[in-house]
There are 2 protein chains.
Amino acid sequence: MISKKMEALVKNNSVIRVMFEEGQLMAKEFGAQNVYDFSLGNPNIPAPEKVREVIKRLLEEEDPVVLHGYMNNAGFPEVRKKIADSLNKRFDTSFDENNIMMCSGAAEGLNCALKAVLNPGDEVVTFAPYFVEYKNYVANYDGILKAVQPDRKDFMPDIESFSSLINSKTKAVIINNPNNPAGVIYDEDTIKKIAAVMEEKEKEYGQEIYLIADEPYRELVYTDKKVPYVSKYYKNSIICYSFSKTLSLPGERIGYLLIPDECAGHEELFSAVTIANRVIGCVNAPSLFQKVVAECIDEKADIAFYAKNREALLNGLRECGFDCIEPEGAFYLFMKTPVEDEKEFVAEAKKEHILLVPGSSFCCSGYVRIAYCVDYGTIINSMPGFKKLAERYGISK
Amino acid sequence: MISKKMEALVKNNSVIRVMFEEGQLMAKEFGAQNVYDFSLGNPNIPAPEKVREVIKRLLEEEDPVVLHGYMNNAGFPEVRKKIADSLNKRFDTSFDENNIMMCSGAAEGLNCALKAVLNPGDEVVTFAPYFVEYKNYVANYDGILKAVQPDRKDFMPDIESFSSLINSKTKAVIINNPNNPAGVIYDEDTIKKIAAVMEEKEKEYGQEIYLIADEPYRELVYTDKKVPYVSKYYKNSIICYSFSKTLSLPGERIGYLLIPDECAGHEELFSAVTIANRVIGCVNAPSLFQKVVAECIDEKADIAFYAKNREALLNGLRECGFDCIEPEGAFYLFMKTPVEDEKEFVAEAKKEHILLVPGSSFCCSGYVRIAYCVDYGTIINSMPGFKKLAERYGISK
């Protein structure tokens, strides 16, 4: 009945649904407060109060025909200009509205970028551990995703292996910074190394290789580390941004895609992503929220909440004896499992009512992802369970 | 630089942009009030007042983490239930939330449906004149769109030619009712004939052929004619609905896709469209507006405005001597041009500052589309220009 491409996805999805339903059944059986669900990357802090104020004001002041109306598929020009101005102030860049297309979150931005550049059989390289949907996004356009394994010391990309994965079919590289699920930040030195390899390979193969930066977690940083603005290091950059996490608006599907002037074929590429936005069926980013994010461009959901969770979780797990990568950004902690088969650990954790995602879902086995965008109480109350797990595996201090 | 598939789209898009820019230049040169732009299908009546009220109330009453948050990719279950209940009341159906997936307008619904069912090389049949994007949507999944020419007497589908276009590769049929651009409504008799052909062909080829109904104009009807609910006539139906026109919210991208229980492979198909929604990058329909449309399900933008425009335009053009198809729904009038090459007529009309879309854009030459979702004054003030055109072509009464 359904297409061959979708068959595999439907099959795989059932597995995820079973996991989700199990969690719901557990919550029913044991009470939601006794189930520690760390499986979802769903922001759980409210949007800044200003979001509400701006919506109310827009409803009063703007003509509804404009406020809820169609506009250029790239979005309202004045919204794009405001975002460009804000980026220029923060990153010393010189963008304007012609560099920015509003889209339905970073996910749709990635799809537009990939649809714009990929021919069937083209390859895209990314860095494990990586967001599982990248594979599906690339497959939408009959491309092939290749993953570079990380240096397990610090979860920075293995640059040599990166270099060896690029060939004449490579059309794009996707980075996710800060990284979901590892929580690490690729610093300036790392970005420079990635850019150097890509420049060299562009020369070697005589073709453009686009660096697509997926940046929904850009503003969620807990250390002094800076998240480099990639277009300053590599000219053929495409940046996909989402307000989902910054403003806690994940359900509203609002973000943008940025192509700098210096990017090869900027004008044609910008037309292509804008048309992709249209023909994928998104047509344009939701109009009211375009205007909302423009007015809230300097706002940020209160990430002190995540910071507190992060510290409690990291300290708690380390005290138990677990080996954790220190999260620098996003809201995930990637933890080494005391057993090679992390799926076994996930199953054992479930017995303690702790729900985790196996690293193999991110192409990086031997680890689990713990999403700490949860109630503080969930973290504190899950610790006895983690302690028991540590004891069971003989790693408790 | 860009993919082969996008190259043609970018090239074609430049033509449309040139047309649009010409219109803007004309407005600058002659004053916007002296340019009669009938080229865009952009609703120009405000959303019902209740939309504003509901948004304000939701902002006060709902937890922002839920209101702006992720939900199941199919949408909030209670929203889907409300829509199902409303349909059941209106059409004597028996849908529930499991039949409805919220999506970013009918355009994205169509994409999800096509992604769910098409393998490369599969064929989709539609009825000319048809919305130009259908071709792009089908091409997204490497399908081939075939068009049935209308009976030019009444612009109803030519059923014999429809039957002859279906073969073993046909996976779906798209109908758009009321029709853009012809403004006609396919009545019960027509839907029954279409269904009968499809049932016969399903048997002949031993496979499902899905009837995808694109219904953004369902509530925009100016006569007593009823728009049949297709699932009551054909079991393998998929209905794509948008609130863009009904509630004048085109920029907000909110609609739904409906698959009835009796549709072959309902459960698997519903999973497939929901996953398609996710992997296309839309993820979910905008959350706030899901709740808004549920609360405004019985509201309708004031279509008396379009009705008045329709009458003035139809009478005015007929008085000039033009041969018009009487519009029954949507907000388009399809007019026979007094010269076979309608592009020549479009060029001549431009000299009178009248902007029209040639029928060949809808796979139906010899006609032009006149979108009457414009100011009433535009219609009245354009009439001297239409009169001159009629005189020029020697058809004036």
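Thresholds applied
In every chain, residue numbers begin from 1 and rise along the written sequence. Working convention: letters from A go to chains and numbers from 1 go to ligands, in the order in which they are written. Only residues with pLDDT of 70 or above have their local features reported here, since the model is predicted, and side-chain atom pairs are shown and tallied only from 80 upward, although totals for entire chains, interfaces and linings are computed over all residues. Calculation of side-chain values draws on the structure's entire complement of heavy atoms; hydrogens and water are dropped beforehand. Confidence of the predictor at the level of single residues is captured by pLDDT, which takes values from 0 to 100. Residues below a pLDDT of 70 in either copy are left out; the C-alpha atoms of the rest, at least 70 in both, set the least-squares superposition of the copies. In this analysis, two residues are considered to be in contact whenever any of their non-hydrogen atoms come within 4.5 Å of each other. The angle between two axes is taken between their N-to-C directions and runs from 0 to 180 degrees, where each axis is a line fitted to C-alpha atoms and a helix contributes only its stretch in contact. Each helix is a run of H or I in the DSSP string that is no shorter than four residues. Each strand is a run of E no shorter than two, and both are numbered from the N terminus. Just so you know how the angles are binned, under 35 degrees is roughly parallel, over 145 roughly antiparallel, 65 to 115 roughly perpendicular, and the rest oblique. A clockwise turn of the near helix away from the far one marks a right-handed crossing, whereas an anticlockwise turn of less than a right angle marks a left-handed crossing. Computed with a 1.4 Å rolling probe, the buried area is the accessible surface lost when two parts are put together, summed over both parts. The rule for a salt bridge is simple: a side-chain nitrogen of Lys or Arg has to be within 4 Å of a carboxyl oxygen of Asp or Glu. Accessibility here uses a 1.4 Å probe with only protein chains present; expressed as a share of the type maximum, an area under 20% marks a residue as buried, one over 50% as exposed, and anything in between as partly exposed. Two strands make a pair as long as DSSP finds a minimum of two bridges between them. The definition of a right-handed crossover adopted here requires that, viewed with the strands pointing away, the path from the first strand over the helix to the second runs clockwise.

Asks: Quick question: what am I supposed to make of the confidence of the model for chain A here?
Replies: Do not read the predicted coordinates in detail wherever pLDDT is low. When pLDDT is averaged along chain A, the result is 96, and 99% of the positions lie at 70 or above. We note a pTM of 0.97 for the whole complex and an ipTM of 0.96 for its interfaces.

Asks: For this particular structure, what's the right way to read the relation of the copies chain B and chain A?
Replies: Copy one and copy two of the chain differ by a rotation about an axis and a translation along that axis. By a simple turn and slide, chain B fits onto chain A: the slide is 0.0 Å along the axis, the RMSD is 0.0 Å, and the turn is 180°. As the rotation angle and translation indicate, the two copies are arranged about a two-fold axis. When you check the interface residues of chain B against chain A, 100% turn up at the interface there too, and the contact is symmetric in its surfaces.

Asks: Explanation requested: the packing of helix 2 (residues 49-61) of chain A against helix 2 (residues 49-61) of chain B in the structure shown.
Replies: Helices that pack against each other are described as a pair by the angle of their axes relative to one another and the distance between those axes. The N-to-C vectors of helix 2 of chain A and helix 2 of chain B enclose an angle of 165°; their axes lie 11 Å apart at closest approach. Accordingly, the angle class assigned to the pair helix 2 of chain A and helix 2 of chain B is roughly antiparallel. In this structure, helix 2 of chain A crosses over helix 2 of chain B, and the sense of that crossing is left-handed. Between helix 2 of chain A and helix 2 of chain B, the residues in contact are R52, I55, K56, L59 and E60 of chain A and R52, I55, K56, L59 and E60 of chain B, respectively.

Asks: How should I be thinking about the interface of chain B and chain A in this particular structure?
Replies: The accessible area lost on association of the parts is a frequent measure of interface size. In this assembly, 74 residues from chain B lie in contact with 75 residues from chain A. Of the roughly 5,900 Å² buried between chain B and chain A, counting both surfaces, carbon and sulfur atoms make up 55%. Seen at the junction of chain B and chain A, the total is four salt bridges. Residue E60 of chain A is joined to K56 of chain B by a salt bridge in which the shortest nitrogen-to-oxygen separation is 2.1 Å.

Asks: I tried to follow the pairing of strand 7 (residues 170-176) of chain A on my own but got confused; where do I start?
Replies: For a regular strand, side-chain orientation follows a simple rule: the groups alternate between the two sheet faces. Residues and elements named next belong to chain A. With respect to burial, strand 7 is a largely interior element, seven of its seven residues being buried. Pairing analysis gives four bridges linking strand 3 (residues 123-127) to strand 7, with the strands arranged parallel. The residue bridging V125 from the neighbouring strand is V173, located in strand 7. The parallel pair strand 7 and strand 8 (residues 210-214), bridged by helix 8 (residues 188-205), forms a crossover whose chirality is right-handed.

Asks: Sorry, what's going on with the sheet that holds strand 14 (residues 357-358) of chain A here?
Replies: Each strand in a sheet pairs with its neighbour through backbone hydrogen bonds, running either in the same direction (parallel) or in the opposite one (antiparallel). Residue and element names in this part refer to chain A. Within the open sheet, the four strands sit side by side as 11-12-15-14. Their pairing is antiparallel. If you trace the sheet from one side to the other, it starts and ends with strand 11 (323-324) and strand 14, each paired once. As paired elements, strand 11 and strand 12 (residues 332-336) share two bridges and run antiparallel to each other. Note that in strand 12 the partner of D323 across the bridge is K336.

Asks: Even after reading the chapter, I still don't get the pattern of salt bridges, so can you show me in this structure?
Replies: In a structure, side chains of opposite charge can pair up when their charged atoms sit close to one another. Residue and element names in this part refer to chain B. Counting across every chain of the model gives 50 salt bridges over all chains. A salt bridge links E61 to R57; the nearest nitrogen and oxygen atoms lie 3.6 Å apart. Here R57 and E61 lie together in helix 2, a separation of four residues that amounts to about one turn. Assessed through its relative accessible area of 33%, R57 is described here as partly exposed. Linking R310 and E326 is a salt bridge whose minimum nitrogen-to-oxygen distance equals 3.6 Å. Here E326 lies in the loop between strand 11 (323-324) and strand 12 (332-336) and R310 lies in helix 11 (residues 304-320), a separation of 16 residues in the sequence. When its relative accessible area of 39% is taken as the criterion, E326 is described as partly exposed.

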